Every structure is written in C-alpha cells, then in structure tokens.
Amino acid sequence: MKLTRIRAAVLTVCLGSTAAMAAQDVYTKGVEVTATRVTRDLMDVPMSVGVVTEDDIKKTGVTTIGELIQDVPGVELQNDGTPGLIRVSIRGEGTMRSTILIDGQRISEHKSMSGTPILIDPSAVERVEVIKGPASVLYGSDAIGGVINIITKKGGKKLVQLDVGVGYNGAGDGFTENASVSGSYNGFNYRLSGSYADFGDLRTPDKTIDGTDYDTRSGSIFLSYDFTDDLTMGISADYFEGNFNTATDDMSSYDDFAVKINPWKRQKFAFFADATNLNEYWARLRFDVYTQKTDKKMQNIVGMSGTVNYEGSTLYDTKFNMDNHADNEIKSNGLSLQTEWQLGDNNYLIAGAGFDSDKLDATTKYKLDLDGSIMNTPPYPGMDVNMGVHLNNRSELDGGQDSYYVFLSNEIILPADFTANYGMRYTYVRTSVDNIKANYLEGSFVSPPMGRPDVDYTTRTPDVGTVGEESNSKAVFNFGLVWRGIEDLALRATWAQGFRAPTIQEKFLTSSMGGGTEIGNPNLDPETSDNFELGARYSGERLNLDFAAFLNLADDYITTKEVSAETYQYYNVGKATTYGVELSASYDLPYGFTPYTSMTWLKRKFEYGGIIGDTYDTNTPEFMYRAGVRYEKDFGIWTLTADTYARGATERDYEYESSGAVVKTHHGGYTTANFEVGAAFGDERQYSVNAAVLNIFDKKYYISDALPEAGVHAVVTVNARF
C-alpha cells in the first residue's frame, strides 16, 4: 500500500499508547487523528495520542472544558484555585510544559505562575487530541511534556444546520447556553457560533466558597471554499472572554484574600490554504498564518493581621494590606508551511518550516501598607520597635519570544510488517525584555529613632525584572518502529528528544500574585530530555486495549526555590526522571454492557542536590484511575446510554527547600462514585439529553493545592440539531 493513504509521517514525535476517553470504548480502528492537520488511523500512529472524539462528547454531555480530557490516561488537571480556568499536566510534567493548540496554533502565556489555560468553550470543540511525551520534533519549545490539540467544529453537512444546547452544572449553580449555524453549499463551508456560561460560587462538601464565581462568553466564524477537489482556502476568527474569581477555603490566616481576573480575553484571526495531489511526487502543500491577542487583567488583594513575616523579621500586632493590579497583553503571530512528498511506494516525507512570535506588554500597579512592631528580637534585643512600610509603585515592561524552526519527518515501509518513523527539528528561540519603566509613586519605611532608619523608597527603583536578551537553539531527533504483523494489533517502540527554552518570566521577570513573589533567573539553561516508550494497541471484535510503558530523562529541569519568606526564584534542577505505565481497556459483553478502565501509574524523581538531594515527593499522585461499567442499547427510535464509574488518585507529597530548611506538604488520595445517563432521539439522533450525578458520596478532595473540588452535584445538558 502506498503511504499516500497514511499521510501522517509527521506524527513521529514519540511512540506509546493511548485511546479514546475513558468514558467511551478504547476502540481505535477507524478513529482518525490530525494533530498537525494530517489524517491517519489511530492504529497506525506511532505515538501516544489520547483522542476525545465527537461521539464521546455527544454521549457524555459536558459544561466545562476540563470534563473533556480529565480521564485521558496520563492527564492531570490543574485549576490553581481558579474555577473555570483549566490547565493541564501531562505525565507529571508541569503546566508550563504542555503546549495548548487550537486548530494547530498555540495559546501563549509568558507572565504567569500557573501556566497556559485552555481558553475555549467546550461547545466549539469537535474533538481533542492529547499527545503525550516530548513533542519537540513537531511543536518545538514548551512541548517537552506533551500537547493538547483542540480541533474546532467547521462546516455542516446540509445547506443550513442549526445546533442549540443548554446545560446546568450544580458545582456552582452554573448555566450554559450555546448556538451555531453551519452548512455547506457548492464548495462553500461555513459556521457561525456563540456561547455563554455563568457559574456561581463553588460548592464543596464543607461549604460554598464565596468569591469563586465566573462567567465566559465566546463567538467564532469559519468560512472556506473548495476551488477544486484538490484546493481549499479558508479563514476563521474566534473570540473568548471570561471573568474569573479566586478565593481560599481557609480564611483563618487572612482578613481578606481574592484574585480577580476581569477579564481574560483571547482573539484570533487565521487563514489557511491546502493543496493536494500537486504532481506524482508532491502530495500536499499546507500554508497557515494567524494573529492572536490575549489580554489578562488581574487584581490580587491580601489582607492580614496578627503575626506576619517581613524581610526576615517577625512582626506582631500587624496590619498588612496589599492590592496588586496587573494588565498583561500578548500579541502572537505565526506562520507555517508544510509539504508532503510521496517518494516511491514505501517513503512518505514531510518537510516544514515556520515561526511563532510573542510580544509581551505588561503593566503592574502595586500598593502595600504594613504597620506592626518587632518585639525583643534581633537586631533589637530588649526593646519593642514600631514600624510601618507604605509602598505604591507602577511598572511597565515589554519583551518578546520569537521561535524559528524547520523539520523533516519520514515514514518508510519495511519488510516483515514493520514501519519506521524518524525525524528531526531545528529550533532557534530568542527571548528578551527590551524595556522596563518602574518607579515608586510614593513609598516609605518609618520607625522610631532606636529602630531602623527611615527610608524614602521614592528614590529607589522597585525590582520588577531585568532588561536582557538571550537566544537558545537545538536540533532534536526521534525514531520509532510500528509492527502490524497480526490483525487488529499494533506494537510500537520509540525514542524522542525534548527541548524547552525558558519563558520570558522564568528568565527576566519578577511577578507577585496570590501573596507570593517569583523572581526570574537570567542564568537559566534550556531543559532537554530523552523519552523512551514501548506500547501496544489491540482493537478486536470485543476486546480493546491500549498499553504504554515510558521513561523520561530530563536535564536542567526548571523549577522554583524559596529564597526568602514567600519569595521564590527559578533555577535548574540537576535532573528529573519520570517513568510509568498507562493502560486503557474495555470489553463488550452481551446485552450492551461494557466494563472498562483507564489508569496511570507514575513515579517521578527530582535530583535537587543541596540539603534535599534526591526526592520522589514531587507533588504527583503515583496512581490515577477511572473504572466502571457502561451500558448502551438502541430501542429503534431512541438510544439509551448509562455509565456507573469510580474515579480516583492516590496521595500527593511534595518536598522542597525553603529558607534553608526542607518543607513537606501532603494531600490525601481520593475515590469518587459517579453515575451518568443519556438518551438520543430522532432519525439521526439529532436530539439528546444527558444527566449525571458526580461525587455521589460528597467526598472532599483536592487536585491542586488551592481549593477542594466540588461536592455531590448534578450536571444536565440538552442538545438539538435542526
């Protein structure tokens, strides 16, 4: 068979296993993936790809983007205490190491302590592909942990097709509405869509947490035209805006605490041209260009009294109030060109080049009022010293990160039912902060004559970052084999390298939010890694399974170390080693019942050196799983689905250095019980109702360190297509 039918040699970054989301079959035969706009049957893909299909989304009914991917093996959600803002950790890697793509184009974040969130409404999503393990050959820097590629809905199958949906989520008394009109006529394909969501405060097993509400709205336009059977051009535009609020479930240490993002906007315009079958050898030419802007306005309020640590001293009878405002705008532009070549019957070559450019413009306003006393402590033995600190500053900075790349990827059919996949990518990254303007509008440190001298801060420049520029470049490689000698079975093995350049913040910026401060480090080195995988997929008449064993060896891993109270600085860990196993399996029993499971076992070690040395306590659960029994039955005019399942994870321990001492944190494991039921009606099953009761036994648990997850709650969605 000619490789023209495969058309996915570009998907050769890494090799392993995955499957459809756990709520559905792990069925891979006939499931196509297009992580880089190239289509291929999942059974032939030589990499770990978790696929959430359009059918999965319809059957489960979701109201938040996190619900789409939370059960893909190897994926762990992170919300950082902000309901509605979902970030993703893949195979234990931090959220800064997961590349978020929408239709193959990334969302960038360069001034954040929490990583890049998924800024899209779930109603716009056709399917999601999760690439696990280093994907730097395809996606460059930031893809050292993996890639979330969200493919949006495009044109319809009729001249005019109307889709509407409403939903309710009891986790925060949230209501969602969405509508779209789409169609296809005489070569034209179009779609116009919009959505709105409004969620109240988060309901946990203990209480409702005030100040955790959020709302979102979005809209998109897509238009393409088929000039011939082999040439299509199109444009798209999409808009997302959300207002998000963060609080804490433990106010015992605060008089006031809040983080308010009002709003976080994303706007994108894109153009593509896709030509196929240009000649006997030139199979495809794909051109993409986009421009995108994200704008985040954030306010952080912290109020404390009693005992407070400040600059190494313990203050008593203290009043501490901080009000921090940040306005961060990132303008992104990108261009990519990809060509595909059929070189004989057995070779399919893909060559590509492109660039991505991010420009950061950030403004911060910071106000601090602190009054207290130092009682009989060094350097003031035998005396009580009253003091006050009053600061009000403003800073402006602009910087950027530009990435240029070229890549080659080849797939060759070998004897004995083997297929080899190998490729390389060269990436050049330039990171800079070009300009900083910072000053104290007013500021003072006051104390009596026997204490510290009074200081007029208005004569000083606040520390908000460093002007600087640095470039990093590296060539990375991958090689893999797939064996298809037995029907319905695919065995695969791969080696892939990863490369990640530090972000603008990690290199040059100082940021304060949530009561803490993170300081950039101009001396940071890029991260590199080697990833090894063995995997197998089987898709039989009844049994479907997907298995992967993986090992990732990372050098110069970037994390933070506490250098003073609530102040952290980025630095390179010596090494990070991650290994584990992922498994998805299902078996179709008679009468429509299907037991299934998906699970991840993972161990992760940091080699800090210093007083910690090596540690496996890296804030990562060792075991995550979902297991249940699904039922599906067609009754002629309608189809019934039901799913009873448990979801859980083991405990998380974290060990790190703080002010010269080893600190450990702990979160217990959890298991929740859940039930979902749905019904689809109509000749084409164009009407559906889905309902779920989640966390039935009202279990209190955490998936991040900030807020607990929702207690027992119901989710109901209704969708119709006309």
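Since we're looking at a predicted model, the values are computed, not measured. (Residues numbered from 1 in each chain as written. Predicted model: local features only at pLDDT ≥ 70, side-chain atom pairs only at ≥ 80, totals over all residues. Heavy atoms only, no water.)

(A) Looking closely at the overall build of the protein. Looking only at helices and strands, one finds four helices and 39 strands in the protein. Looking at the 722 residues of the protein, the share that counts as buried comes to 56%. Counting only contacts in the protein whose residues sit at least 6 apart along the sequence, the fraction spanning at least 24 positions is 68%. For the protein, the computed accessible surface area is about 28,800 Å², with 55% contributed by carbon and sulfur atoms. (Helix = DSSP H or I, 4+ residues; strand = E, 2+ residues; numbered from the N terminus. Buried < 20%, exposed > 50% of the residue type's maximum accessible area, 1.4 Å probe, protein only. Contact = heavy atoms within 4.5 Å. Areas by Shrake-Rupley, 256 points an atom, 1.4 Å probe, with all protein chains shown as cover.)

(B) Summary view of the nonpolar core. Ranked by internal contacts, the top residues of the largest apolar core, which has 52 residues, are Ile69 and Val128. If you tally residues by element for this core, the top one is strand β17 (residues 256-276), at four residues. Sequence-distant contacts of Ile69, that is, excluding residues within four places in its chain, are made with Val52, Val75, Leu77, Val88, Ile118, Val128 and Val130. If you look at the next biggest cluster of nonpolar residues, it comprises 10 residues, including Tyr557, Val573, Tyr608 and Tyr654. (Core = buried A, V, L, I, M, F, W, Y, C linked by side-chain atoms within 4.5 Å.)

(C) Here's a closer look at the pairing of strand β16 (residues 231-246). Pairing of strand β15 (residues 214-228) with β16, which is carried by 14 bridges, proceeds in the antiparallel orientation. Bridge assignment links Thr228 to a residue of β16, and that residue is Leu231. Here β16 runs beside β17; their pairing, made up of 15 bridges, is antiparallel. Paired with Asn245 across the strands is Lys260, a residue of β17. (Pairing = 2+ DSSP bridges.)

(D) Representation of the side chain of Ser218 in the model. Take Ser218: it is sitting in strand β15. Take Ser218: its relative accessible area is 18%, and that puts it in the buried class. A polar side-chain atom of Ser218 sits 2.5 Å from a polar atom in the side chain of Ser195. Not counting residues up to four positions away in its chain, the partners in contact with Ser218 are Asp121, Ser193, Gly194, Ser195, Tyr239 and Phe240. (Polar contact = N/O pair within 3.5 Å; in protein donor to acceptor, adjacent residues only side chain to side chain.)

(E) Structural view of the packing of aromatic side chains. Enumeration according to the criterion identifies 22 aromatic pairs in this entry. An angle of 40 degrees between the planes, with centres 6.4 Å apart, marks the rings of Tyr404 and Tyr428 as tilted. Placement of the pair is Tyr404 in strand β21 (residues 384-413) and Tyr428 in strand β22 (residues 418-446), with a sequence separation of 24 residues. The partly exposed category is assigned to Tyr404, whose relative accessible area is 42%. Note on Phe623 and Tyr625: the rings are 5.8 Å apart at their centroids and 20 degrees apart in plane angle, and the pair reads as stacked. We classify Phe623 as partly exposed; its relative accessible area is 28%. One cation-aromatic arrangement involves Lys603 over Tyr616; the distance from NZ or CZ to the ring centre is 4.7 Å. Taking the ring centre of Tyr645 as reference, the NZ or CZ of Arg626 above it sits at 3.5 Å. (Phe/Tyr/Trp six-rings, centres within 6.5 Å; stacked < 30°, edge-to-face > 60°. Lys NZ or Arg CZ within 6 Å of the ring centre and 35° of its normal.)

(F) Structural context of the pattern of salt bridges. Counted according to the given criterion, the structure contains 41 salt bridges. Where Glu93 meets Arg604, a salt bridge forms, and the shortest distance between an N and an O atom there is 3.1 Å. Residue Glu93 is found in the loop between β5 (87-90) and β6 (98-102), and its partner Arg604 is found in strand β31 (residues 593-609); the two are separated by 511 residues along the sequence. For the residue pair Glu93 and Arg604, the accessibility class agrees, reading buried in each case. The salt bridge partner of Asp555 is Lys575, with a shortest N-O separation of 2.7 Å. With Asp555 in strand β29 (residues 543-564) and Lys575 in strand β30 (residues 567-587), this residue pair connects regions lying 20 residues apart in the sequence. (Salt bridge = Lys/Arg side-chain N within 4 Å of Asp/Glu carboxyl O.)

(G) Structural context of the side chain of Asn544. Structurally, the position occupied by Asn544 is in strand β29. The exposure class assigned to Asn544 is buried, which follows from its relative accessible area of 1%. Polar contacts involving the side chain of Asn544 include one to the main-chain carbonyl oxygen of Arg542, which spans 3.5 Å.

(H) How the structure looks around a nonpolar patch on the surface. Residues Leu162, Val164, Val166, Phe681, Tyr687, Val689, Val716, Val718 and Phe722 make up a contiguous nonpolar surface patch of about 680 Å² in total accessible area. Residue assignment for the nonpolar patch shows that the elements contributing at least two residues are β10 (161-169), β38 (687-694) and β39 (713-721). At three residues, β10 tops the list of elements feeding residues into the nonpolar patch. Position of Tyr687 relative to the elements: it lies in strand β38. (Patch = residues over 30% accessible without salt bridge, like charges linked within 9 Å, V, L, I, M, F, W, Y side chains within 5 Å.)

(I) Just the confidence of the model for the protein, in detail. Summing up the model confidence of the protein, the mean pLDDT is 85 and the portion of residues at 70 or higher is 89%. Note that residues 1-30 has pLDDT below 50 and, in this model, 162 contacts with residues that lie over four places away or in other chains. Here residues 34-38 is a poorly scored stretch, pLDDT under 50, and it has 30 contacts once near neighbours within four places are set aside; other chains count. (pLDDT = per-residue confidence, 0-100.)

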